[in-house]
Amino acid sequence: MKSKVVIIGAGLTGLTTAYYLKKEGYDVSILEQSNETGGVIKTVEENGFVYEKGPNTGVISNVETVKLIDDLAEELQLAVANPAAKKRLILKNKKWEPLPDGLWNAVRTPLFTWKDKFRILGEPFRPKGTNPEETLADLVRRRLGNSFLDYAIDPFISGIYAGNPEMLIPKYALPKLYQLEQDYGSFIKGAIQKAKLPKSEWEKKVTKDVFSFNGGLQKLTDTLASKIGQENIITGVSHLKIQPLEKGFSVVYQNESEASQTEKADFVISTVSVDAVESIFPFITSSALEKMKALRYAKIVQVAVGFKQWQGMPLAAFGGLIPSKENQAILGILFPSAIFKGRAPEGGALLSVFMGGIKQPQWYDQTDAAIEKTVTEHLHNLLNSDQKPDLLRIFRYKEAIPQYELSSGERFNAIDEIEKTYQGLYLAGNIRNGIGMADRIKQGTDLAKTVIANNNE
Ligand SMILES: Cc1cc2nc3c(=O)[nH]c(=O)nc-3n(C[C@H](O)[C@H](O)[C@H](O)COP(=O)(O)OP(=O)(O)OC[C@H]3O[C@@H](n4cnc5c(N)ncnc54)[C@H](O)[C@@H]3O)c2cc1C
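This one's a predicted model, so the numbers in the text were calculated from it and none came from an experiment. (Residues numbered from 1 in each chain as written. Predicted model: local features only at pLDDT ≥ 70, side-chain atom pairs only at ≥ 80, totals over all residues. Heavy atoms only, no water.)

**A few points about the pairing of strand S1 (residues 4-8)**
No. 1: Counting buried positions along S1 gives five out of five residues, so the element sits mostly inside the fold.
No. 2: Covered by surrounding structure in S1 are Lys-4, Val-6 and Ile-8 together with Val-5 and Ile-7, the residues of both alternating faces.
No. 3: Where S1 meets strand S2 (residues 27-31), five bridges bridge the pair, whose relative direction is parallel. By the bridge assignment, Ile-8 is partnered in S2 with Leu-31. (Buried < 20%, exposed > 50% of the residue type's maximum accessible area, 1.4 Å probe, protein only. Helix = DSSP H or I, 4+ residues; strand = E, 2+ residues; numbered from the N terminus. Pairing = 2+ DSSP bridges.)

**Quick notes on the packing of helix H5 (residues 136-143) against helix H6 (residues 146-161)**
No. 1: Interaxial distance between H5 and H6 falls to 9 Å at its minimum, and their mutual angle equals 140°. Regarding H5 and H6, the two cross each other, and that crossing is right-handed. Contact residues: Leu-136, Ala-137, Val-140 and Arg-141 in H5; Asn-146, Phe-148, Leu-149, Ile-153 and Ile-157 in H6. (Axes fitted to C-alpha atoms, helices over the stretch in contact; angles between N-to-C directions. Left-handed = near helix turned anticlockwise from the far one by under 90°. Contact = heavy atoms within 4.5 Å.)

**Details of the environment of Ile-120**
No. 1: Counting through the fold element by element, Ile-120 comes out in the loop between helix H4 (114-119) and H5.
No. 2: When the C-alpha positions of Ile-120 and Leu-447 are compared, they lie 40 Å apart, and in sequence the two are 327 residues distant.
No. 3: With residues near it in sequence (within four places) discarded, Ile-120 still touches Leu-144, Phe-148 and Ile-188.

**Comments concerning the pattern of salt bridges**
No. 1: Tallied over the entire structure, the rule returns 26 salt bridges.
No. 2: For the salt bridge of Glu-97 with Lys-95, the shortest nitrogen-to-oxygen distance reads 3.3 Å.
No. 3: Assessed through its relative accessible area of 13%, Glu-97 is described here as buried.
No. 4: Across the pair Arg-142 and Glu-134 runs a salt bridge, and its minimum N-O distance is 2.8 Å.
No. 5: The exposure class assigned to Arg-142 is partly exposed, which follows from its relative accessible area of 25%.
No. 6: Overlapping salt bridges bring together Glu-123, Glu-134, Arg-142, Arg-143 and Glu-181 as one network. (Salt bridge = Lys/Arg side-chain N within 4 Å of Asp/Glu carboxyl O.)

**Things to note about the sheet that holds strand S15 (residues 296-307)**
No. 1: Taken together, seven strands build an open sheet; the order of strands is S8-S7-S16-S17-S18-S15-S19 and the sheet is mixed. The open sheet terminates on both sides in strands that have one partner only, identified here as strand S8 (95-98) and strand S19 (391-403). Across the sheet, the mean angle from the axis of one strand to that of its neighbour is 30°, orientation sign disregarded.
No. 2: Strand direction decides the pairing type here: strand S17 (residues 332-334) and strand S18 (residues 349-356), joined by three bridges, are antiparallel. Each bridged residue has a counterpart across the sheet, and for Leu-334 the counterpart in S18 is Ser-352.

Keep in mind these numbers describe shape, not what the thing actually does.
In structure tokens form, the structure reads like this:
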């Protein structure tokens, strides 16, 4: 007998989990509060532009992502980044400098000081850290130097976490980097040794390439939703409450027609934020909730800007990131029309501007007019564009990116305890196991495997 599984949230995590469970013949229901699937992944086609409201690109950074894309290859056309748009630009003294991609460029770049460039030669010989909860900023200062923190790690962290390296803890926020130092004693030695390890055929396909799909990222979530079957995805869900039973869980909710529904589930998988967890699971103790609620989220404002004819600086790059030291009101600009085909009319450009984050949360509450003015001023100053955009759309996210800061250890322990006490309940989503799309695919895949393994016990 295959179990009944209820999944809360039809974002990438919930859809991936449901997809693999359905494939194995499980009875799965996804309960989603909004009227759409995909969560924050939303692609819009408008006036010849194809823009993303949420994430723009993923990274093929694990085997689970490779396998999911491979599994859906008949329905989905993978779009990998144009090699001509590989360059990452970093702003220094109001000028874009490419992030060095080779030894020679690394020596010549003005991004880092000569002292730090020489100091990096000693990186393999520096002792490894002993504080597992050291901040990312301290780790980078210790191993690489201040200028690497200011002009590589700080903008990189802005681009991924919209966060602050002084607050993020590598053990939780960048576990692969943390482990590299712990296992090999050095980033450089670790990278060289790891490259020599034998790889399976699947591992060889983990290219670290940037990906989307022809037509945008929503093609992925739409395809997953159609494979799962719309009849198994209940949208417009409200008043959702879960209670543990002697065996399994009772699931009570209202659907779009306001009718109250009750289901019994053997497994319940949550993929929602901490606040939603609090309202859905009234039996979780306040002390466990307190540990989970210490999680901070970065607020993000994303602005899609389109030009039918681009007359600014050449955009042959992935985009530009802005270090905190440069004191600009925006975090960075992606160049989606340079990365992928078909995102803007011929000769035009599509840009994606990010504002807010942990360091400038006030932008979330600014008016559209203030945001538009700031964005156009920055495009003028930084990309040499004097034109009025043909398209400008603003999207605000209050809980965009969870910050894996010092409180994360206690949050993970609290979740482990809850899952041990209530067998069959999984508190997943981006409150643990990483924030990127590839992390979400991996977590969804792993959750499906866990349910299957427990069902067979
Ligand atoms: C602006 C932005 C830009 C990003 N850029 C990138 C990027 O470039 N690359 C990258 O890899 N990642 C990026 N990310 C992160 C990535 O998009 C997410 O990690 C991923 O899409 C999250 O998927 P999820 O299913 O875990 O959560 P979500 O997409 O948030 O889905 C959760 C779902 O749960 C539903 N829900 C919430 N509460 C309830 C409730 N009470 N009852 C029922 N349903 C509920 C929500 O409506 C939602 O549909 C970005 C995120 C944001 C916000």
